[in-house]
Amino acid sequence: MKILGHDKTSFGGFYNSTTMIQENSLLNRGILDLGGIGIPQAAMSNNKTEALERGTMSALYFVASFLTPFIMLPFFNKKFLSSQNIIKDFTNNEKLIMEVPKKYLTKGTDYLFEGIRKTADVIKNDKLRKVKVDPTQDFENIIKRFAGRGDELHAKLVKTHEKVLMWDFLTTSWMWVSIPWLVTESSRLFTKRDDFSALHKMKAQEKFNEKKHKEDKLKHLGLTALLATLPGLITSKVVMKAVTSKSDNIIKKYANNFNYTQGKFMSKTIFALMWGLSDYPAALVSSRDKHERKDRSIRFGAMAVLYFAVDPLVNLALGKASDKVLKTRLMDKRGIKDLRQISEMKDVPEHILKRTKNAAAGIYWTGILMALAALGFGLPALMNAMLRNTIKKENSVKSAILNLPLDKKLFKDFGF
């Protein structure tokens, strides 16, 4: 959900901050990680080692949520705009050309030039950003430089978008998949244990083949590297090839779902691809044992369900209720079953603008708090109970085996 614009009231900073968080999928994830997993789940951990691991892991995810959009994306944009010879002077607003939506790359030159000019107007009229210099002339300068060579500009922009998406996917995925390894390996050095930290006070570490253990770890590291690399290399090419395809396809139809807001905040679609193709499977692969693998599959899966499915549905339901009861204008009136975008603020009458914005911000933070409560307290309580029950059953089975008569025990040990 995106809230409606902003104004120059004393609450302007609150609206601005809320909008920035909403538009930054990674920061949304960072907040859920820190507030919904890191702090409360650490408090509800089974021991200090598990608590430290969960807190550290979430803190690292939170740091990464700032590093990617504010450091890496500006760097990638500049590097590839420069390498494609689209822009040489980055002191003006020509660099904002990366904000032209991908839908304007789906057709010919005229459509691209139309998109460039419309994007300049959007940036100029965006009160939230307060761009000091109107980008219209800078964008026109780009068009003039490629006069008669519109196809070349189109091809260069396509290549730039492909490279930016690829390297963003690669660097972000590598950061994500390395975090669980860094945390668990650090924990192993201090505890001298290789099993799931939640078990440390529940059971002694089981004996295992050291050689096989090291071999398995190398295999898992290799698979993690592949999961962090291959999806990024493939996805960027598939997306941009589909966007520029002469035939219709689902990606081309929803090309704008692969945009970066302000050229740096990845869309929820891109985030979902990174999470589903790299982050989630890599987290399972890097698990230390079957207990941690089960724990991560449920915890990480629950966060995804809340973020990608439950949260949007809650926002829609609350948005419709607000429009009906409070007479706000949150829902799009053009037949689209979604909440209004920031750029559509001009359609909201002035006399209901303030309460519409208040309702939008309130709905967003209500959804966040609900997710944090479910992830931070409800989920760990369930997971802790499940883990203890599993260990209790395992211990009961072992105890029963140990109490068998000698002959039966021997047969049991040999798998009969």
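Our structure's up above, just so we're on the same page.
What counts, and where the lines are drawn
Residues numbered from 1 in each chain as written. Predicted model: local features only at pLDDT ≥ 70, side-chain atom pairs only at ≥ 80, totals over all residues. Heavy atoms only, no water. Helix = DSSP H or I, 4+ residues; strand = E, 2+ residues; numbered from the N terminus. Contact = heavy atoms within 4.5 Å. Areas by Shrake-Rupley, 256 points an atom, 1.4 Å probe, with all protein chains shown as cover. Buried < 20%, exposed > 50% of the residue type's maximum accessible area, 1.4 Å probe, protein only. Salt bridge = Lys/Arg side-chain N within 4 Å of Asp/Glu carboxyl O.

Asker: I tried to follow the overall build of the protein chain on my own but got confused; where do I start?
Answerer: Looking only at helices and strands, the protein chain features 12 helices and two strands. The order of α-helices and β-strands along the protein chain, N terminus first, is α-α-α-α-α-α-α-α-β-β-α-α-α-α. Considering only residue pairs separated by 6 or more positions, the protein chain has 70% of its internal contacts joining residues 24 or more positions apart. Accessible surface, the protein chain: about 21,200 Å² in total, of which carbon and sulfur atoms supply 63%.

Asker: In this structure, what is going on with unusual backbone geometry? I would like to understand it.
Answerer: In terms of backbone geometry, most residues other than glycine have negative phi values and most peptide bonds are trans. Backbone geometry at lysine 192 places phi at a positive 65°, although glycine is not the residue there. Tracing the sequence through the fold places lysine 192 in the loop between helix H6 (150–191) and helix H7 (210–243). Phi is positive for glutamine 262, which is not a glycine, with a value near 55°. Relative accessible area serves as the criterion here: at 24%, glutamine 262 is assigned to the partly exposed category.

Asker: Whenever I open this one, the pattern of salt bridges confuses me. Can you help?
Answerer: In this structure the tally under the stated criterion is 18 salt bridges. A salt bridge links glutamate 162 to lysine 237; the nearest nitrogen and oxygen atoms lie 3.1 Å apart. With glutamate 162 in helix H6 and lysine 237 in helix H7, this pair connects stretches of sequence that are 75 residues apart. Residue classification places glutamate 162 among the buried residues on the basis of a relative accessible area of 11%. The closest approach of N and O atoms between arginine 193 and aspartate 195, which form a salt bridge, is 2.6 Å. Pair check on accessibility: arginine 193 and aspartate 195 agree, each one buried. Taken together, the salt bridges that share partners define one network made up of Glu50, Arg54, Asp295 and Arg299.

Everything listed here is a matter of geometry and, on its own, says nothing about what the molecule does.
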